[in-house]
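# Examination of the molecular architecture
Chain by chain, the residues:
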Amino acid sequence: MKTKAKAHLAPTAAAQRMREHRARQARGATRIAIDLDGADKDWLRGQGTLLEWDEEDARALGKL
């Protein structure tokens, strides 16, 4: 019996999120979401965690 070769499709966004979720689980990490206001951003800048030009960049904030 012949079997069809599996198509190599580009990963979907949902599949990528699931891979990232499983990788976090394997490391024992937890992802949380927080709301930041101006004072929080000032504190993060003061700690050296957030650069001034990144404070409005959602991706930069997401990497913190």
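Given the structure is predicted, the values throughout are model-derived calculations rather than measurements.

Reading guide: rules and limits
Residues numbered from 1 in each chain as written. Predicted model: local features only at pLDDT ≥ 70, side-chain atom pairs only at ≥ 80, totals over all residues. Heavy atoms only, no water. Helix = DSSP H or I, 4+ residues; strand = E, 2+ residues; numbered from the N terminus. Buried < 20%, exposed > 50% of the residue type's maximum accessible area, 1.4 Å probe, protein only. Areas by Shrake-Rupley, 256 points an atom, 1.4 Å probe, with all protein chains shown as cover. Lys, Arg positive; Asp, Glu negative; His and termini not counted. Salt bridge = Lys/Arg side-chain N within 4 Å of Asp/Glu carboxyl O. Contact = heavy atoms within 4.5 Å.

Helix and strand counts for the chain come out as three helices and zero strands. If you list the helices and strands of the chain from N to C, you get α-α-α. Residue burial in the chain is summarised as follows: out of 64 residues, 9% are buried. Summed over its atoms, the accessible surface of the chain is roughly 6,300 Å², and 53% of this surface lies on carbon and sulfur atoms.

Further remarks concern the side chain of Arg24. Inspection of the secondary structure assignment puts Arg24 in helix H1 (residues 13-27). Here Arg24 is buried and forms no salt bridge, its nearest opposite-charge partner Glu20 lying at an N-O distance of 4.6 Å. With residues up to four places along the chain from it excluded, the contact list for Arg24 reads Ala29 and Arg31.

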